[in-house]
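Residue-level listing of the chains:
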Amino acid sequence: MVCLGNICRSPMAHGILLHKISKLKSDWEIDSAGTSGYHQGELPDRRAIACMKRHGIDITYQRSRPITVGDLSYYDRIFVMDRSNLHDVCEMAGTEAELEKISLIMGAVDEQHPEDVPDPWYSTGEQGFETVYEMLDRATDKLIEKYVPE
Ligand code: 4NP
């Protein structure tokens, strides 16, 4: 799961998916990272932590880190939050196979017209983070439907 700062959207996506997957006893390895190292080593944004807590999910175990080229070879799938992230992560791909791993997370909901998950960093109040939560909740349900065997 990849966004710009790895303190708002991708930690939420990581937390939601891990929460759902752990109930299914799946062996997926899930992580998140940022296209920037602006917040390296920091906890998720307090507003993201609060939003996730309202939905019963703790993400305080997470720390921000920048994505590496190693992530592109190690992980099977790379989900990015918006088109700017898509551009930046695709620039890092070394092979066609790595390029093919990268997609917009909302493509899981609408493959033809995937929305960007809006950056909630500048939002005031809870609504921006709630919108992100609701979008990622839908997208992660679809990812599980698509990739977890019955
Ligand atoms: P994120 O949000 O990409 O969802 O983690 C942001 C966090 C920090 C900044 C931008 C977006 N920033 O410019 O510091």
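Quantities reported herein were computed from a predicted structural model and do not represent experimental measurements. (Residues numbered from 1 in each chain as written. Predicted model: local features only at pLDDT ≥ 70, side-chain atom pairs only at ≥ 80, totals over all residues. Heavy atoms only, no water.)

If you had to explain the pattern of salt bridges to someone new, which residues and values would you point to?
Inspection of every chain in the model, using the stated rule, returns eleven salt bridges. The partner of Arg9 in a salt bridge is Asp82, and the shortest N-O contact between them spans 2.9 Å. Here Asp82 lies in the loop between β3 (78-80) and α4 (83-92) and Arg9 lies in helix α1 (residues 9-24), a separation of 73 residues in the sequence. The partner of Asp45 in a salt bridge is Arg47, and the shortest N-O contact between them spans 2.8 Å. One connected set of salt bridges, linked through shared partners, spans Arg9, Asp82 and Asp119. (Salt bridge = Lys/Arg side-chain N within 4 Å of Asp/Glu carboxyl O. Helix = DSSP H or I, 4+ residues; strand = E, 2+ residues; numbered from the N terminus.)

Run through helix α6 (residues 127-147), naming residues and quoting values.
Across its 21 residues, α6 extends 30 Å between first and last C-alpha, which sits within 8% of the 30 Å expected from 1.5 Å per residue. Of the residues making up α6, those classed as buried are Phe129, Val132, Tyr133, Met135, Leu136, Ala139, Thr140, Leu143 and Ile144. Check the buried side of α6 and you find it contacts α1, α2 (46-54) and β3. (Expected span 1.5 Å × (residues − 1). Buried < 20%, exposed > 50% of the residue type's maximum accessible area, 1.4 Å probe, protein only. Contact = heavy atoms within 4.5 Å.)

So, the nonpolar core: which residues are in play, and what are the values?
Counting 30 residues, the largest nonpolar core has Met1, Met12, Met81, Ile105 and Leu136 as its most contacted members. Of all the elements in the fold, those that place two or more residues in this core are α1, α2 and α6. With eight residues, the single largest contributor to this core is α6. Those residues in contact with Leu136 that sit more than four places away from it in its chain are Arg9, Met12, Ala13, Ile16, Met81, Ile105 and Val117. (Core = buried A, V, L, I, M, F, W, Y, C linked by side-chain atoms within 4.5 Å.)

Kindly report on the packing of α1 against α2, identifying the contributing residues and their values.
Geometry of a packed helix pair, given as the angle between the helix axes and the separation of the axes. It is at 10 Å that the axes of α1 and α2 come closest, and there the two elements cross at 25°. With respect to α2, the element α1 is oriented roughly parallel. Of the two possible hands of crossing, α1 and α2 adopt the one that is right-handed. Here α1 contributes Met12, Gly15 and Ile16 to the contact with α2, which in turn contributes Ala48, Cys51 and Met52. In the contact of α1 with α2, the residues fall into five nonpolar, one polar and no charged. (Axes fitted to C-alpha atoms, helices over the stretch in contact; angles between N-to-C directions. Parallel < 35°, antiparallel > 145°, perpendicular 65-115°, else oblique. Left-handed = near helix turned anticlockwise from the far one by under 90°. Nonpolar A, V, L, I, M, F, W, Y, C, P; charged D, E, K, R; others polar.)

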